[in-house]
Amino acid sequence: MKLGLIARSDQSGLGIQSWEFARHIRPDRILHIGMGPLARGREHPGWYDGFDVVEAGIQVDKNAAARFLDGLDLVFTAEGTYRDGFGELCARADVTLVVQANPELYRPEILGPHLPVFPTSWELGRYPGEQIVLPVPVDRGRLPYRHRKKVEPVRHVAAPEFKDRNGTERVVAAFPHVEEPCRVVFHVPEGVDPPLKILRHGHGRVGNVEWECPRRQISDYWDVYDGADALLLPRRYGGLSLPMQEATSLGMPIVTLDLLPQSEWSGTLTVPATGPQSTRMKGGMFDVWGCEPAALASAMDAL
């Protein structure tokens, strides 16, 4: 079987996923999407040195698609194809298109013929028939377990995605209610402005919480967790969470909301979810949840 991969090389989660897929699965050909001004931070085309690479922009043209598909049997992509109806081109070339779909962003009608696979069981009930769950693995060598006897400091990974997905606003709202002295370090992805005005100061103190939000480039995605002992991520919706998987690999306890699928994952300390708001996303209507600041603070105190 000849395998192709549609890949990004920016600092986004999709960039990391496609890079690790290429490293471990070694596809026969890669369609590298240069994101240009839409890149999340720096791009690293050198990630795919040594592969058979076809270069394309964020709107894949027919010539690039044809060169990429020539002789392939199967193409894998995480979330998108960067060309509406790409599945039609695959079908005409007798190539199976496999799309790892995240339900909140999944629009099968624009993809053309394809086989969807889902990273978790979250929201699969909205699709007819039996769906395939294909979990996303973690590189344990890059994210090795470390035993922890204390929690200092706590890391929060902000998400620029829709509706404050990782709950940065809820984290800051909890600070006045925290009773145990602690330090929280925010990580804001490269190329993204801090989501709250207070974080643009870079550091500060609220009650018993000393916080900082360094604006620095990181060399590698696993450096996000350097020195951290726990992950504070009151995630409001979603299935796949790379930060939660990476933190679990490292042995970090995780504070999150009591929502599926994360409430079933090991290593989590859950906080009751409140006040769902039905919100339109690319994939349809989804509940976006919150939590009481005092309840989140109690979980921080428990750590």
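Each chain carries its own residue numbering, running from 1 in the written order of its sequence. Per-residue local features are limited, in this predicted model, to residues with pLDDT of at least 70; the limit for side-chain atom pairs, both in listing and counting, is 80 or more; totals at the level of whole chains, interfaces and linings are taken over all residues. As a rule here, side-chain values cover all heavy atoms of the structure and leave hydrogens and water aside.

Caption draft 1: Up close: the nonpolar core. The biggest cluster of nonpolar side chains holds 30 residues, and the ones touching the most others in it are L5, W19, I30, Y48, Y225, L231 and M252. Only β1 (3-8), α1 (13-25), β4 (74-78) and α5 (242-250) provide two or more residues apiece to this core. We count a stretch as a helix when DSSP gives it H or I for four or more residues in a row; a strand needs E for two or more, and each element gets its number in order from the N terminus. Residue contributions to this core peak at four residues, all from α1. In this analysis, two residues are considered to be in contact whenever any of their non-hydrogen atoms come within 4.5 Å of each other. Among all residues touching I30, those that are not within four sequence positions of it are L5, A7, A22, Y48, F51, D52, V53, V54 and F68. The term nonpolar core refers to a set of buried residues drawn from Ala, Val, Leu, Ile, Met, Phe, Trp, Tyr and Cys, joined through side-chain atoms within 4.5 Å. Three labels apply to residues, based on accessible area from a 1.4 Å probe with only protein chains included: buried if under 20% of the type maximum, exposed if over 50%, partly exposed otherwise in between.

Caption draft 2: Expanded view of the sheet that holds strand β12 (residues 230-232). Strand pairing is assigned whenever DSSP identifies at least 2 bridges connecting the two strands. Ordered in space as β10-β11-β9-β8-β12-β13-β14, the seven strands form an open sheet in which the pairing is mixed. With one partner strand each, in any of the chains shown, β10 (203-206) and β14 (268-271) form the two edges of the open sheet. Across the sheet, the mean angle separating the axes of adjacent strands is 30 degrees when strand polarity is ignored. In terms of strand pairing, strand β8 (residues 154-157) meets strand β9 (residues 182-187) through four bridges, oriented parallel. What sits directly across from H156, in β9, is F186. Angles run from 0 to 180 degrees between N-to-C directions of axes, and those axes are lines fitted to C-alpha atoms, restricted for helices to the stretch in contact. The sheet contacts of α5 involve β8, β12, β13 (254-257) and β14, and relative to β13 the element is tilted by about 150 degrees. Sheet contacts for helix α6 (residues 293-302): β9, β12, β13 and β14; angle to β14, the most-contacted strand, approximately 155 degrees.

Caption draft 3: Seen up close, the state of the cysteines. Cysteine sulfur atoms are paired as a disulfide whenever they come within 2.5 Å of each other. Tallying each qualifying case throughout the model produces zero disulfides. Residue C182 stays outside any disulfide, its sulfur separated by 15 Å from that of C291, the closest cysteine. The exposure class of C182 is buried, given its relative accessible area of 18%. C182 supplies the cysteine sulfur nearest to C213, a cysteine that is in no disulfide, at a spacing of 16 Å. Judged by its relative accessible area of 1%, C213 is buried.

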